[in-house]
Structure formats: C-alpha cells, structure tokens
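Descriptive analysis of the structure
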Amino acid sequence: MVILKYLLLIFLIMTAFLAINFKEVLVSIIFLSIFSIILTTLYLIHNAPDVALAEAVIGAGLNTAIFMSVISQVREGKNSIFREDD
Amino acid sequence: MSRTKHVITVIVLSLLGVTMLVALNKIPNQFEYANSISQHIVNNAVKETGSLNFVTAILYDYRAYDSLGESTIIFGAVSGIVLLLSRKTLPVSSHGLSFIVKRTFGMLTPFIFLFSIYIITHGHLSPGGGFQGGVILGAISIIFSIVYGSEFDYKRYTPTTKTLLETGGALLFIGLGFLGILFGGNFLMNMRFLNMGEGSLISAGSIPFINTVIGFKIGAGLAIIFYSMIQKTFKEGVDL
C-alpha cells in the first residue's frame, strides 16, 4: 500500500507537469482529468471518501465537460481567437 | 527578457514555499487536540445529531451556516454567469452524437439518476451528501446537452424548471433554518424530529432534508451554468 501511495504521488506530479506544459489545450484538459482521478484514489487511500467523491465528480466529470465546451466554442465560433485574420 | 522572468518566477515561488513550510510548522501537534472541538465531535456526534457520517454532521448541523454561505456563493456564480452569457449569437448546429452513444446513454442515464438520488438521501449514513449527489444530478443535464444536443435539453428540462428548482431549493434551505427558530432554538438548529433510530433512513432530524434541498439546488445550478455556456449552439432557424 505504501509503494502504491508513492507511485500514485509520482504519477500525480507527472500529470500536473504534463497538463501545464503541453501545447495542445485538449491534451492538457485530458491530463487534468487524469490528475483528478489519481487524486481521488489518493483520497480513498487516506480514508476520506467524502472528499474523494466530490473530487471524482467535480474534477474528473464537471471540469472536463465545461473546459471542453469552452474550448470548442473558442475554436469554432465567429469571435474565435484562433481565427486566422484575412 | 524571458530568462529574467524565469528567475523572478523561481524566486517568488521559492519564497512562497518557504513561507508555507514555516506556516506548516506552526500548526499544533496532533496530541494537543485531546480536549478540543474535534475530539468532542468524534465522541458525541452520533449522540447529538444522529448522523453516522461525521462529515455530513459537521456540514449540515454544526456548521450549517457555512453551508448556507457556500450555496449563496454558488447562487451568485450562477447569476453572474447567466448575466454575462445571456446574449444570443453564434448559431452553431448541434445534433448530438451517434445513434449508438444515444442508445447507450438512454439505458445508462436512469441509473446515474438513481445513483445521485441514493447519494443525496443516504448522505447521513454513507459517504456523500447533498453537494456530491447534486453535482451528479447536474451531470445528467450535461449528458443531455452533449449526447442528444442542446435542443433536447432545452425541451425536456426547460430553463424554467431549472430556475424553479434552484430558487426553490435555496428558499427551502432558509425555510428549514427558520423552522429551527420556530421550534424554539437557533437558526438552522437540528430539531431531531421524525427520528426512527440511528442508522435508519429517516433519522438525524433535519440533516436528510437539508441534503435533499441542497442536492436539487446545486444540481439545477450547475445545469444552468453549463446550459448558459452552450446555449448559443442551436441550429439556425430554431428560434427561442
């Protein structure tokens, strides 16, 4: 269990680093979601199921959906900031 | 230029880290809590509130006023987002996903709803509570919008229903608080009515009711936030 805990902590730092440093925003969002799932497992290992449930639902579910919708609108909309000027 | 920026960032972050480590050192030792409030809660929470889940007991009994503040924050956030994003532009089509995904989620969504209701109503017995279950309720609206298209969400779960659920939840929460005064106590006091013994579904006084009310309030609030963020993705020609 102790080995699993430290392994998860290492993966937590790795996913946080990758989420910040990826150029592609979509990949960053996916890494943020993985970060939340690893954090949920860590909360469960530390006997905090209430916080784990909140983290799983909000971090992995709601945040990803809201960020995805924002990204799709920013890219495709008329007022897109990624639109090439003509 | 960017090198000096990096150096400044590293200096600021290391100063922040040192400050946090010093602050962490000031936290009292675990054994100094022997006669403190947390020990009191661990010893007496079941006797005083009837709730087997101590986290819910603290959130909706000992510190129910803080929960009222939290739900006020979410109410303010929902109001602000609706106010900012209420313009109708950008007609982008939204037909939802493929037939297979629609059928799969048609079978899955009732069970997700059942799970959220279970988490809300068993908040005082098992891990979870109003907030967590409410967010799952809000996720159902997100599933409607993404999988079936936002038009489906608009027709089946109208913004009027969401607004009614949210404001009704907030009003019922405050009403439960005033009920505490009416029964001869403080605001948001746990009256211990309808108690059928520890561990049963109807126990712990007003905690399950506050859980239910907050669950529907949070779920509807998050659904309103997501809906107002994607409400511009209607098909051209569908007028609201």
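Residues numbered from 1 in each chain as written. Chains lettered and ligands numbered in written order. Predicted model: local features only at pLDDT ≥ 70, side-chain atom pairs only at ≥ 80, totals over all residues.

1. Observations regarding the overall build of chain B
To keep it simple, the criterion reads: Secondary structure follows DSSP: runs of H or I at least 4 residues long count as helices, runs of E at least 2 residues long count as strands, and numbering of each begins at the N terminus. To sort residues by exposure, count the other C-beta atoms lying within 10 Å of each residue's C-beta; 20 or more gives buried, 12 or fewer gives exposed, and values between give partly exposed, all with C-beta atoms placed from the backbone. Residues are defined as contacting one another if the C-beta atoms placed from their backbone atoms lie within 7 Å.
Helices and strands together make up the secondary structure of chain B, namely 9 helices and 0 strands. The secondary structure elements of chain B, listed N-terminal to C-terminal, are α-α-α-α-α-α-α-α-α. Counting every position in chain B, which comprises 240 residues, the buried fraction comes to 32%. Of the contacts made within chain B by residues no fewer than 6 positions apart, 74% connect residues no fewer than 24 positions apart.

2. Observations regarding unusual backbone geometry
All names here are of chain A. At Asn47, a residue that is not glycine, the phi angle is positive and equals roughly 60°. Mapping Asn47 onto the fold places it in the loop between helix H2 (25–45) and helix H3 (49–76). Given 7 C-beta atoms within a 10 Å radius, Asn47 is considered exposed.

3. Description of the confidence of the model for chain A
Residue and element names in this part refer to chain A. To keep things clear, this is the line we draw: Per-residue confidence from the prediction method is given by pLDDT, with values spanning 0 to 100.
With 85% of its residues at a pLDDT of 70 or more, chain A shows a mean pLDDT of 83. The least confident element of chain A, judged by mean pLDDT, is H3 at 83; the most confident is H2 at 91. Considering only residues more than four positions removed or in separate chains, one finds that residues 80–86, a stretch of pLDDT under 50, has 5 contacts.

4. As for the packing of helix H8 (residues 159–182) of chain B against helix H9 (residues 207–230) of chain B
All names here are of chain B. Condition: Interaxial angles span 0 to 180 degrees and are taken between N-to-C directions of axes, which are lines fitted to C-alpha atoms, for helices over the stretch in contact. Two helices cross in a left-handed way if the nearer one is turned anticlockwise from the farther one by less than a right angle. They cross in a right-handed way if the turn is clockwise. Three residue categories are used. Nonpolar comprises Ala, Val, Leu, Ile, Met, Phe, Trp, Tyr, Cys and Pro, charged comprises Asp, Glu, Lys and Arg, and polar comprises the others, including Gly.
Where H8 meets H9, the closest approach of the two axes is 8 Å, and the angle between their N-to-C directions is 145°. As for how H8 packs across H9, the hand of that crossing is left-handed. Residues Pro159, Lys162, Leu165, Glu166, Gly169, Ala170, Leu172, Phe173 and Leu176 of H8 pack against Phe209, Ile210, Val213, Ile214, Phe216, Lys217, Ala220, Gly221, Ala223, Ile224 and Tyr227 of H9. Here the contact of H8 with H9 is composed, by residue class, of 15 nonpolar, 2 polar and 3 charged.

5. Quick notes on the environment of A:Ser36
Residue and element names in this part refer to chain A. For Ser36, the location among the structural elements is in helix H2. Owing to 19 C-beta atoms within 10 Å, Ser36 belongs among the partly exposed residues under this scheme. In this structure, the C-alpha to C-alpha distance between Ser36 and Ala60, residues 24 residues apart in sequence, is 5.5 Å. Residue contacts for Ser36: discarding those within four places in its chain leaves Glu55, Gly59 and Ala60.

6. A closer look at the nonpolar core
Filter applied, for reference: The nonpolar core criterion groups buried Ala, Val, Leu, Ile, Met, Phe, Trp, Tyr and Cys residues into a set whenever they are joined through C-beta atoms within 7 Å.
Within the largest apolar cluster, 38 residues are counted, with the highest numbers of intra-cluster contacts made by B:Val135, B:Ile210 and B:Phe226. Put simply, the parts of the chain that give this core at least two residues each are H3 of chain A together with helix H3 (54–62), helix H4 (64–84), helix H5 (99–121), helix H6 (130–148), H8 and H9 of chain B. Sort the elements by how many residues they give to this core and H9(B) lands first, with 14 residues. When sequence neighbours within four positions are dropped, the list of residues in contact with B:Phe226 reads A:Ala65, A:Ile66, B:Ser141, B:Ile142 and B:Ser145.

7. Looking at the packing of helix H2 (residues 37–49) of chain B against H3(B)
Residues and elements named next belong to chain B. The condition is simple: Our angle categories are set so that under 35 degrees counts as roughly parallel, over 145 as roughly antiparallel, 65 to 115 as roughly perpendicular, and the remainder as oblique.
One way to put it is that H2 packs onto H3 with a least axis distance of 10 Å and a crossing angle of 65°. With respect to their mutual orientation, H2 and H3 come out roughly perpendicular. In the packing of H2 onto H3, the handedness of the crossing is left-handed. Packed against H2, whose contacting residues are Ile41, Ala45 and Thr49, the element H3 presents Phe54, Ala57, Ile58, Asp61 and Tyr62 at the interface. Counted by class, the contact of H2 with H3 contains 6 nonpolar, 1 polar and 1 charged residues.

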